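Residue strings, one per chain:
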Amino acid sequence: MPLPPADHKILNEDDASREGDKNVGVIVDRWSSFLGAFPDRSKHTNPTKMALERMAGPNVKVKHCYHDGSGELTKACEALEIPHDQSRPYRSETNAIAERAVRRVKEGTSCALVQSGLSDEWWAWAVDCFCLHRNVVDVLVCGKTPWEKRFKGKFDGPIIALGAEVRWKPSSEKDKKKIHQFSGKMLPGIFLGYVQQS
């Protein structure tokens, strides 16, 4: 799998997510255009390594990674034995694909948050939801979505907007007790995104 370009977006303390995330690693698979963004509290090697592994998926050997030369990306690639090259420092045009992916994630996440009505502190959830929606809805020049190209089939789950009201069936006894005796068997909730298994 020829994976990235990869890059980070660093936020300030005031922009931290509800979970304390202040960074987001953005990775795009050049072959399928599959886009991934991975919020984290720190810009360190271990979370970066985990993001690369999650993006690649199980039993996949990444053939090459191109990044901005940041220390954590270099160390993560070396730890995972991924051949890698880096762009020239302070020359964003030499890392244009990754820079564009970061911009796409930033703009898409902003739109998802505004349309959902959720406050900015939910950005880490919005990042995940936006990336999945983009991967399953945007049609590439080849006529397939990034999801179809990568997984050789259509996404078979529901496409639900971030912040939409959903009804869910509780499974725990504690949650079952929250159901009013005269109402249906479902509880109301807010959709915050998808759980994706690698």
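Residues numbered from 1 in each chain as written. Predicted model: local features only at pLDDT ≥ 70, side-chain atom pairs only at ≥ 80, totals over all residues. Heavy atoms only, no water.

Caption draft 1: Geometry of the overall build of the chain. Within the chain one finds 6 helices and 7 strands. Residues classed as buried in the chain amount to 38% of the 198 residues present. Excluding contacts between residues fewer than 6 apart, the proportion of contacts in the chain whose partners are at least 24 apart in sequence is 55%. Surface exposure of the chain reaches about 11,900 Å², of which carbon and sulfur atoms provide 52%. (Helix = DSSP H or I, 4+ residues; strand = E, 2+ residues; numbered from the N terminus. Buried < 20%, exposed > 50% of the residue type's maximum accessible area, 1.4 Å probe, protein only. Contact = heavy atoms within 4.5 Å. Areas by Shrake-Rupley, 256 points an atom, 1.4 Å probe, with all protein chains shown as cover.)

Caption draft 2: Focus on the nonpolar core. Counting residues in each nonpolar core, the largest one holds 38 residues, and the members touching the most others are Val-26, Leu-35, Ala-37, Val-105, Leu-113 and Leu-162. At the level of elements, strand S2 (23-28), strand S3 (35-40), helix H1 (45-56), helix H2 (71-79), helix H3 (96-116) and helix H4 (123-137) are the ones that each hand at least two residues to this core. For this core, the leading source of residues is H4, giving 9 residues. When near neighbours in sequence (up to four residues on either side) are disregarded, Val-105 contacts Val-26, Leu-35, Ala-37, Val-127, Phe-130 and Cys-131. (Core = buried A, V, L, I, M, F, W, Y, C linked by side-chain atoms within 4.5 Å.)

Caption draft 3: Broad picture of H3. Helix length check: H3, at 21 residues, gives a terminal C-alpha distance of 30 Å against a target of 30 Å (1.5 Å per residue), a fit within 8%. Looking at H3, one finds that the buried residues are Ala-98, Ala-101, Val-102, Val-105, Gly-108, Thr-109, Ala-112, Leu-113 and Ser-116. Down the axis of H3, the buried side of the element spans an arc of 140°, and every buried residue falls inside it. Away from its buried face by more than 90 degrees, H3 exposes Lys-106, Val-114 and Gln-115. Among the residues trailing H3, Gly-117 stands out with phi positive, at a value near 85°. (Expected span 1.5 Å × (residues − 1). Arc of directions from axis to C-beta.)

Caption draft 4: Structural view of the side chain of Asp-29. By the secondary structure assignment, Asp-29 is in the loop between S2 and S3. Despite being buried, Asp-29 has no salt bridge partner; Arg-150 is the closest side chain of opposite charge, sitting 5.0 Å away. Within the structure, the side chain of Asp-29 is placed 3.1 Å from the backbone nitrogen of Trp-31, a separation counted as a polar contact. Here the side chain of Asp-29 touches Ser-32 through a polar contact of 2.9 Å, side chain to side chain. (Lys, Arg positive; Asp, Glu negative; His and termini not counted. Salt bridge = Lys/Arg side-chain N within 4 Å of Asp/Glu carboxyl O. Polar contact = N/O pair within 3.5 Å; in protein donor to acceptor, adjacent residues only side chain to side chain.)

Caption draft 5: Representation of the environment of Leu-35 in the model. Within the secondary structure, Leu-35 is located in strand S3. Taking the relative accessible area as the measure of exposure, Leu-35 reaches 2% and is therefore buried. Taking the C-alpha atoms as reference, Leu-35 lies 9.8 Å from Val-102; in sequence the two are 67 residues apart. Filtering out sequence-adjacent residues up to four positions away, Leu-35 remains in contact with Val-26, Ile-27, Val-28, Met-55, Ala-101, Arg-104, Val-105, Phe-130, Cys-131, Arg-134 and Asn-135.

Caption draft 6: How the structure looks around H2. Among the residues of H2, Glu-72, Leu-73, Thr-74, Ala-76 and Cys-77 are the ones counted as buried. One or two positions beyond H2, positive phi appears at Glu-81, with a value near 55°.

Caption draft 7: Just the state of the cysteines, in detail. Inspection of the entire model under this criterion finds 0 disulfides. We note that Cys-131 lacks a disulfide partner, and the nearest cysteine sulfur, in Cys-129, lies 9.6 Å from it. In this structure Cys-131 comes out as buried when scored by relative accessible area, which is 5%. (Disulfide = S-S within 2.5 Å.)

Caption draft 8: Molecular detail of the packing of aromatic side chains. Following the criterion strictly, the structure yields 7 aromatic pairs and no others. Measuring from centroid to centroid gives 5.0 Å for Trp-147 and Phe-155, while their planes differ by 85°, and the two rings are edge-to-face. With relative accessibility at 16%, the residue Trp-147 sits in the buried group. Lying across the ring of Trp-31, Lys-149 places its NZ or CZ 4.9 Å from the centre. (Phe/Tyr/Trp six-rings, centres within 6.5 Å; stacked < 30°, edge-to-face > 60°. Lys NZ or Arg CZ within 6 Å of the ring centre and 35° of its normal.)

Distances and angles like these do not, on their own, reveal function.
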